[in-house]
Amino acid sequence: MKTLETKNAPAAIGPYSQAKMVGNFVFASGQIPVDPATGEVAGDKIETQAEQSCKNVGAILEEAGLSFDNVVKTTCFLADMADFAAFNAVYEKYFTSKPARSCVAVKQLPKDVLCEVEAIAVAE
C-alpha cells in the first residue's frame, strides 16, 4: 500500500491522505473545490466549484500516473440537488469514460462548499 500526495491538489484537512494506492487500484479521498495554490474555495457557483473539484481529482490521478479514463467509480456529494444538472455539465467534461457513479445530496460539506468528488481508479 502506498500513500499518494501531490501539491497540485489541496492538502488533507484532517487525519487522512489524498489517496491510497493498493495494487492496481487508487482510492482518492473526496476532493472539495479548494484551489491548492491559494488554499481558498474556488468561487461561489456550482460550475466553478465542480470544475475545481474535478481538477483536484485529476491532479491526484496524475500523481498516480493515471488519467480520468482509469476511473471506474465516483461518488459525488452535492449540497443542493437543484445543482445536479449544472454539476453534471462540468463532470461530463472530465469523466468522459462514464465510470459508475453515485451522486447524493448531503446536509453540509466541509468549508460549506457546494460539491465534493471522490474516485476509485485502476491501472490497466
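The chain is annotated in an unreviewed UniProt entry as Endoribonuclease L-PSP of Mediterraneibacter butyricigenes. As stated in UniProt under Sequence similarities (unreviewed entry), the record for the chain gives "Belongs to the RutC family."

Here we take up the pattern of salt bridges. Once the charged atoms of two side chains with opposite charge are near each other, the side chains can pair. Inspection of the entire model under this criterion finds 1 salt bridge. For Lys93, the salt bridge identified is with Glu51, shortest N-O distance 3.2 Å. Separated by 42 residues along the polypeptide, Lys93 in helix H2 (residues 84–94) and Glu51 in helix H1 (residues 46–63) bring together distant segments of the chain.

With that settled, consider the sheet that holds strand S3 (residues 25–31). The 6 strands are arranged S1-S2-S3-S6-S4-S5 in an open sheet whose pairing can be described as mixed. Edge strands, defined here as strands with exactly one partner in the open sheet, are strand S1 (2–4) and strand S5 (100–105). Strand-to-strand, the axes of this sheet are offset by a mean angle of 15 degrees, without reference to chain direction. Note: S1 against strand S2 (residues 19–22), 3 bridges, orientation antiparallel. When the sheet's bridge partners are listed, Thr3 is paired in S2 with Lys20. Helix-sheet contacts for H1 involve S2, S3, strand S4 (71–78) and strand S6 (115–122), and the interaxial angle to S6 is about 25 degrees.

It is worth spelling out H2 at this point. Along H2, the positions that sit buried rather than exposed are Phe87, Val90, Tyr91 and Tyr94. Along the long axis of H2, the arc covered by the buried residues comes to 100 degrees, so they all point the same way. Residues of H2 that are exposed and angled more than 90 degrees away from the buried face: Ala85, Glu92 and Lys93. Where H2 is buried, its residues contact H1, S4, S5 and S6.

Looking now at the packing of aromatic side chains. On inspection of all chains with the given rule, the structure shows 5 aromatic pairs. Consider the rings of Phe87 and Tyr91, whose centres lie 5.8 Å apart with planes at 35 degrees: the pair is tilted. Of this pair, Phe87 and Tyr91 both sit in helix H2, 4 residues apart, which is roughly one turn of the helix. When its relative accessible area of 0% is taken as the criterion, Phe87 is described as buried. A relative accessible area of 6% means that Tyr91 is categorised as buried. Three or more aromatic residues joined by ring pairs form one cluster here, namely Phe68, Phe87, Tyr91, Tyr94 and Phe95. Over the face of the ring belonging to Tyr91 we find Arg101, whose NZ or CZ atom lies 4.6 Å from the ring centre.

Cut-offs used in this document
- Residues numbered from 1 in each chain as written.
- Predicted model: local features only at pLDDT ≥ 70, side-chain atom pairs only at ≥ 80, totals over all residues.
- Heavy atoms only, no water.
- UniProt positions renumbered as here; feature names shortened; annotations may be inferred.
- Salt bridge = Lys/Arg side-chain N within 4 Å of Asp/Glu carboxyl O.
- Helix = DSSP H or I, 4+ residues; strand = E, 2+ residues; numbered from the N terminus.
- Pairing = 2+ DSSP bridges.
- Axes fitted to C-alpha atoms, helices over the stretch in contact; angles between N-to-C directions.
- Contact = heavy atoms within 4.5 Å.
- Buried < 20%, exposed > 50% of the residue type's maximum accessible area, 1.4 Å probe, protein only.
- Arc of directions from axis to C-beta.
- Phe/Tyr/Trp six-rings, centres within 6.5 Å; stacked < 30°, edge-to-face > 60°.
- Lys NZ or Arg CZ within 6 Å of the ring centre and 35° of its normal.

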